[in-house]
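Next come the chains, spelled out residue by residue.
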Amino acid sequence: MTWETVIGLEVHTQLATKTKIFSGASTAFGAEPNTQACAIDLAMPGTLPVLNAEAVRMAVMFGVAIDAEIGLISAFERKNYFYPDLPKGYQTTQLEKPIVLEGKVDIQLDDGRTKTVRIHHAHLEEDAGKSLHEDFHGMSGIDLNRAGTPLIEIVSEPDMSSPEEAVAFAKKLHALVVSIGICDGEMAQGSMRFDVNVSVRKKGEALGTRTETKNLNSFRFMERAIEQEVERQIDLLEDGGSVVQETRLYDGDTHTARSMRSKEEANDYRYFPCPDLLPVEIDQAYVDAVRASLPELPEARRARFVESYGLSAYDAGVLSDEPATATYFEAVAGQCGDAKLAANWVMGELAARLNSEDQLIQHCPVSAEQLAALIARIVDKTISNKMAREVFSAMWAGEGEPDTIIEARGLKQVSDSGAIEGMVDEVIANSSKQVENYRQADESKRPKMLGYFVGQIMKASKGQANPQQVNEVLLQKLNALL
Amino acid sequence: MSVDREDIEKLGELARIDISDENAKSSVKSINDVLALVEQLQAADTANIEPLANPLEARQRLRPDEVSETNRREEFQAIAPATEEGLYLVPKVIE
């Protein structure tokens, strides 16, 4: 039986403003608990919210970046619920008249296809504080520094049909909001959090019952949470059961999700227009000015990378999505003069290292200048690719500049053709049996037999012979014996 | 439209208000009286009228994004029932 998966996302994106959405308290991350929670954030009686102009500008910036219609008049509602990290007893948010209306985001899939995901709308709202559930003598601790941090909640249409598509969409949004400077993109600090709505149906049938898994703050968690939820729903349905509409919570430590609340006990938010805030009116000239201030979007950067560096569309995509990666790559390519080699290193060795050590490129211990200097040594044939990887490891470990490391480790590649010919001759002379086998072998089998000789020669040169030259000389000499 | 006892209890629950029997009874009546007034208002034809957010047609003023608040945690926490390590303490929240 074939099942179809239907996925929609709600993305909470913290805006990179200096202050809260409705107060002049700082939003800087990592401050001592409650030192950035002012009277307005604490919902002290008599306080009134005043909207942050920069939050409005950033929301509009997002809107123009996804080609959305902008709500020239938008309004705030109160969403009422009780939770200790929400001092007012309601979240100030937008419902009827959000600031960003329908838009779209194109995602590139691994098989080269492009898919359009429609954005239903995006609205401005405030973040809640944090509850710490460690035991304080049977009580919970509340830190309200985050309360009132401006968010845009981006709501997609249910246009994604696999975990891969959902992740591609999430990554695309991440790259976009970071590129246009409205979010710092620090997922580990909760700057971007995803709620995923998942349902399954048999091909061609009406939409199934959906569940919502909340508060996923990494792409990996999101992918796993969706995979698990799809499997759970299909198992339920194939066993003759039914899916219950519910909110689920994913635990990144155990990689399991559990039900948080079902529809029957669902919150009744009793939305109503916020009497403390007037409608927000902006004019078309304002929107046009924001549009004119848009920096280069990942999409345009990708095209430029293909055009000016001669990269493949795929490579250009990988390198252009994240502004920090793009900047790093451009610095390396510009300085080493070989864009393709630069691309291979940034996407290969460097990305693998960053990934395995869970490190952001912003905090990479090897600077773009250092990597460019290393690549320059490959280009001028001082060292081989293999040696370069060793130097790279040393640079990562903080051993200094590439030239210093090459010198200190005696890693210079032997490209002197006389010396290489000598080594090749010696190995051929000492391997009469292998040479005989080579001569007798079928022509199609011969290339595979070269490995032995190359290995011996590299050993003789202590790994320093230029492998390309070795191959050429070896082939020439062996074939002369045929 | 009208509300009954059950609605009032539900509202009380949502608002975390303990409503006594007597109170519930009188609340049903007074809220239904208000709803009767609302019903009268609803007789007016508003099909072509934009909802009015403010009688002066005023619009929201915006504030520049500059930090204007300082840390006053000590003052705020002096009136809190319980605090520890800079945190406000509340009855344990279990999800």
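Residues numbered from 1 in each chain as written. Chains lettered and ligands numbered in written order. Predicted model: local features only at pLDDT ≥ 70, side-chain atom pairs only at ≥ 80, totals over all residues. Heavy atoms only, no water.

Peer 1: Whenever I open this one, the pattern of salt bridges confuses me. Can you help?
Peer 2: A side chain of one charge can pair with a side chain of the opposite charge if their charged atoms are brought near each other. Residue and element names in this part refer to chain A. Applying the stated criterion across every chain yields a total of 32 salt bridges over all chains. In this structure, Glu4 and Lys203 form a salt bridge, with 3.6 Å as the shortest nitrogen-oxygen distance. Of this pair, Glu4 sits in strand 1 (residues 3–14) while Lys203 is found in the loop between strand 11 (192–202) and strand 12 (211–216), placing the two residues 199 residues apart along the sequence. Residue Lys203 is classed as exposed on the basis of its relative accessible area, which comes to 62%. The residue Arg377 makes a salt bridge to Asp403 at a minimum N-O spacing of 2.7 Å. (Salt bridge = Lys/Arg side-chain N within 4 Å of Asp/Glu carboxyl O. Helix = DSSP H or I, 4+ residues; strand = E, 2+ residues; numbered from the N terminus. Buried < 20%, exposed > 50% of the residue type's maximum accessible area, 1.4 Å probe, protein only.)

Peer 1: How should the packing of aromatic side chains be read in this particular structure?
Peer 2: Aromatic rings in a pair are described by how distant their centres are and how their planes are angled relative to each other. All names here are of chain A. In the structure shown here, the tally under the stated rule is 12 aromatic pairs over all chains. Centroid distance Tyr452 to Phe453: 5.4 Å. Interplanar angle 75 degrees. Geometry classified as edge-to-face. Residue Tyr452 is classed as partly exposed on the basis of its relative accessible area, which comes to 34%. One aromatic cluster is present, formed by Tyr81, Tyr269 and Tyr271 through successive ring pairs. The positively charged end of Lys79 is found above the aromatic ring belonging to Tyr269, 4.4 Å away from the centroid. (Phe/Tyr/Trp six-rings, centres within 6.5 Å; stacked < 30°, edge-to-face > 60°. Lys NZ or Arg CZ within 6 Å of the ring centre and 35° of its normal.)

Peer 1: What exactly am I supposed to notice about the pairing of strand 6 (residues 103–108) of chain A here?
Peer 2: Side-chain positions along a regular strand alternate between the two faces of the sheet. All names here are of chain A. Burial along strand 6 is one-sided: Gly103, Val105 and Ile107 are buried, while Lys104, Asp106 and Gln108, pointing the other way, are not. The pairing of strand 6 with strand 7 (residues 114–126) spans six bridges and is antiparallel. Bridging across to strand 7, Asp106 finds its partner in Thr116. Joining the antiparallel neighbours strand 6 and strand 7 is a turn of five residues, in which Gly112 adopts a positive phi near 90 degrees. (Pairing = 2+ DSSP bridges.)

Peer 1: Would you mind showing me how to read the domain arrangement of chain A here?
Peer 2: In many analyses, interface size is given as the accessible surface area lost on bringing the parts together. Considered domain by domain, chain A is made up of domain 1 (3–289), domain 2 (296–408) and domain 3 (417–480). Here the C-alpha centroids of domain 2 of chain A and domain 3 of chain A sit 33 Å apart. (Domains from an automatic or database assignment.)

Peer 1: Explain the layout of surface pockets to me, please; I cannot follow it from the model alone.
Peer 2: Empty space left among the atoms is revealed by rolling a probe the size of a water molecule over them. Residues and elements named next belong to chain A. Estimates place the volume of the second largest pocket at around 2,100 Å³. Lining the second largest pocket we find 47 residues, and of these Lys171, His174, Phe219, Glu322 and Asn355 sit closest to its centre. Looking at the lining of the second largest pocket, the elements that each hand over two or more residues are strand 6, helix 2 (163–179), helix 3 (219–238), helix 6 (313–320), helix 7 (323–336) and helix 8 (339–356). Classifying every residue of the lining of the second largest pocket gives 22 nonpolar, 11 polar and 14 charged. (1 Å grid on protein atoms, 1.4 Å probe; cavity = no way out; pocket = protein on both sides within 12 Å on 5 of 7 lines; lining within 4 Å. Points joined across faces, edges and corners; volume = space filled by probe spheres on them. Nonpolar A, V, L, I, M, F, W, Y, C, P; charged D, E, K, R; others polar.)

Peer 1: Please explain the environment of Val198 of chain A as it appears in this structure.
Peer 2: Residues and elements named next belong to chain A. Looking at where Val198 falls in the secondary structure, it is placed in strand 11. Accessibility expressed as a relative area gives 1% for Val198, which makes it buried. Between the C-alpha atom of Val198 and that of Ser162, which follows or precedes it by 36 residues, the distance is 9.8 Å. The contact partners of Val198, leaving out residues within four places of it in the chain, are Thr5, Val6, Ile7, Thr209, Arg210, Thr211, Ile226, Glu229, Val230 and Gln233. (Contact = heavy atoms within 4.5 Å.)

Peer 1: Could you clarify how one ought to interpret the interface of chain A and chain B in this entry?
Peer 2: Across the boundary between the two partners, chain A contributes 52 residues, which contact 36 residues of chain B. Of the roughly 3,800 Å² buried between chain A and chain B, counting both surfaces, carbon and sulfur atoms make up 60%. At the junction of chain A and chain B, the tally comes to one salt bridge. Glu281 of chain A is the partner of Arg59 of chain B in a salt bridge, and the nearest nitrogen-oxygen pair spans 2.9 Å. If you list the elements that add at least two residues to the side of chain A that touches chain B, you get strand 2 (51–52), helix 1 (53–65), strand 8 (130–136), strand 9 (139–143) and strand 16 (280–281) of chain A. Tallied by class, residues from the side of chain A that touches chain B come to 27 nonpolar, 13 polar and 12 charged. Relative to strand 3 (residues 87–91) of chain B, strand 9 of chain A runs antiparallel, the two sharing four bridges. (Buried area = accessible area lost by both parts, 1.4 Å probe.)

Peer 1: Teacher, can you tell me more about the nonpolar core here?
Peer 2: One recurring pattern in soluble globular proteins is that nonpolar side chains are buried together. Residue and element names in this part refer to chain A. Ranked by internal contacts, the top residues of the largest apolar core, which has 64 residues, are Leu9, Phe62, Leu124, Ile182, Phe194 and Met222. In terms of residue count, helix 1 provides more of this core than any other element does, nine residues in total. Here Met222 is in contact with Leu9, Ala166, Val167, Ala170, Phe194, Val196 and Leu216, once residues within four sequence places are set aside. Core analysis: the second largest hydrophobic core is formed by 38 residues, Tyr328, Leu350, Leu374 and Val391 among them. (Core = buried A, V, L, I, M, F, W, Y, C linked by side-chain atoms within 4.5 Å.)

Peer 1: Sorry, what's going on with the pairing of strand 13 (residues 246–251) of chain A here?
Peer 2: Residues and elements named next belong to chain A. With respect to burial, strand 13 is a largely interior element, five of its six residues being buried. Two elements, strand 12 and strand 13, share three bridges in a ladder whose sense is parallel. Each residue of the ladder has a partner; that of Glu212, found in strand 13, is Thr247. Handedness of the crossover joining strand 12 and strand 13 through helix 3 is recorded here as left-handed. (Right-handed = clockwise from strand over helix to strand, strands pointing away.)

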